[in-house]
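One letter stands for each residue in the lines below.
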Amino acid sequence: QVFLIGTAIAVNIEKRETFLSMMIHADKLVKASEKFLEWVKQLQETWRSIFTMHHNDPTKIELFEAFKENYLEATRRINNPPSFDIVMQEVLQIMLDTNTELVIQGSEEIDWASASAHILIGADMLNRGFTVENLSVSYMPRYSVGKSNADTIQQRCRFFGYKLNYLDFCRVWLPGESVLEYHEYVKDEEIMRT
């Protein structure tokens, strides 16, 4: 929901970018990524269906309440954000123009111009070396078995890239252990530079 709201504002309302992307990197196994793809597609289908319901329908009211909570998160860094109602009109348009796909070995190249939003779900292809254009939201719930090495941390933290134009909408969800690894990595980098 945070991704859809941010994309609705940055792409459709404020025209900061022509598209934004979300990366879901849950596991190194393809089977796990396929399961996440299935979940995300089912969720999108359910939400699109609910959006077409009458505004008094309890299911729609409940979904919009959830979106309202996430609207507060998605807009907390923006001065004078567009109203919730205006944003929600655009969220449906974003949902209808979202490319959701599995990125694994042998996947076709992404046509970034084909959609306003891209949700990429993948295994090791997303772990290192794959460039996700206009990445605004990263969801990486996976844990490392041991301490990650610096190279792995660098490859995984592509969410730190050059995103000044839409930085207000960038979000990263990680397990607590991974957050600590990134903090330690940054401290080590600062010591090395000093």
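Please read these numbers as outputs of a predicted model, since none were measured by experiment.

So, on to the overall build of the chain. For the chain, the helix and strand inventory stands at 7 helices and 5 strands. Shown N-terminal to C-terminal, the secondary structure of the chain runs as helices and strands in the order α-β-α-α-α-β-β-α-β-α-β-α. Per-residue burial for the chain yields a buried fraction of 45% across its 194 residues. In the chain, the share of contacts with a sequence separation of at least 24, taken over all contacts with a separation of at least 6, comes to 68%. If you sum the accessible surface of the chain, you get close to 11100 Å²; carbon and sulfur atoms cover 52% of it.

Attention now moves to the packing of aromatic side chains. The description of an aromatic ring pair uses the distance of the two centres, along with the angle that the planes make with each other. Enumeration over the complete set of coordinates arrives at 8 aromatic pairs. Consider the rings of Phe-36 and Trp-39, whose centres lie 5.0 Å apart with planes at 65°: the pair is edge-to-face. With a gap of 3 residues between them, Phe-36 and Trp-39 both fall in helix α2 (residues 30-51), about one helical turn apart. Among the residues examined, Trp-39 registers a relative accessible area of 44% and is labelled partly exposed. Among the aromatic residues, ring-to-ring pairing joins Trp-47, Phe-51, Phe-64, Phe-67, Tyr-71 and Phe-84 into one connected group.

You will see that Lys-15, though not glycine, has its phi angle at about 55°, which is positive. Mapped onto the elements, Lys-15 comes out in the loop between α1 (2-13) and β1 (20-24). Taking relative accessible area as the criterion, Lys-15 reaches 61% and is therefore assigned exposed. Positive phi, normally seen in glycine, also occurs at Asn-134, with a value near 50°. Judged by its relative accessible area of 17%, Asn-134 is buried.

The subject of this paragraph is the sheet that holds strand β2 (residues 98-103). One open sheet holds the 5 strands; their spatial order is β2-β3-β1-β4-β5, and the pairing between them is parallel. Sheet topology places β2 and β5 (171-173) at the edges, where each strand pairs with a single neighbour. Ignoring strand direction, the axes of neighbouring strands in this sheet form an average angle of 15°. Across the sheet, α1 is in contact with β1, β2, β3 (117-122), β4 (135-139) and β5; its angle to β1 comes to roughly 165°.

Scanning all chains against the criterion turns up 6 salt bridges. Across the pair Glu-38 and Lys-35 runs a salt bridge, and its minimum N-O distance is 3.6 Å. In this pair, Glu-38 and Lys-35 both sit in helix α2, 3 residues apart, roughly one turn of the helix. Residue Glu-73 pairs with Arg-76 through a salt bridge whose shortest N-O separation is 2.9 Å.

Our focus in this paragraph is the pairing of β4. Within a regular beta strand, the side chains point alternately toward one face of the sheet and then the other, so they alternate between its two faces. For β4, the buried fraction is high: 4 of the 5 residues fall into the buried class. As defined by bridge partners, β1 adjoins β4 across 4 bridges and the pair is classed as parallel. Along β4, the bridge assignment pairs Met-23 with Ser-138. Pairing of β4 with β5 involves 3 bridges; the strand directions are parallel. Bridging across to β5, Val-137 finds its partner in Arg-171.

Criteria and cut-off values
- Residues numbered from 1 in each chain as written.
- Predicted model: local features only at pLDDT ≥ 70, side-chain atom pairs only at ≥ 80, totals over all residues.
- Heavy atoms only, no water.
- Helix = DSSP H or I, 4+ residues; strand = E, 2+ residues; numbered from the N terminus.
- Buried < 20%, exposed > 50% of the residue type's maximum accessible area, 1.4 Å probe, protein only.
- Contact = heavy atoms within 4.5 Å.
- Areas by Shrake-Rupley, 256 points an atom, 1.4 Å probe, with all protein chains shown as cover.
- Phe/Tyr/Trp six-rings, centres within 6.5 Å; stacked < 30°, edge-to-face > 60°.
- Pairing = 2+ DSSP bridges.
- Axes fitted to C-alpha atoms, helices over the stretch in contact; angles between N-to-C directions.
- Salt bridge = Lys/Arg side-chain N within 4 Å of Asp/Glu carboxyl O.

Purely spatial values, then, with no claim about function.
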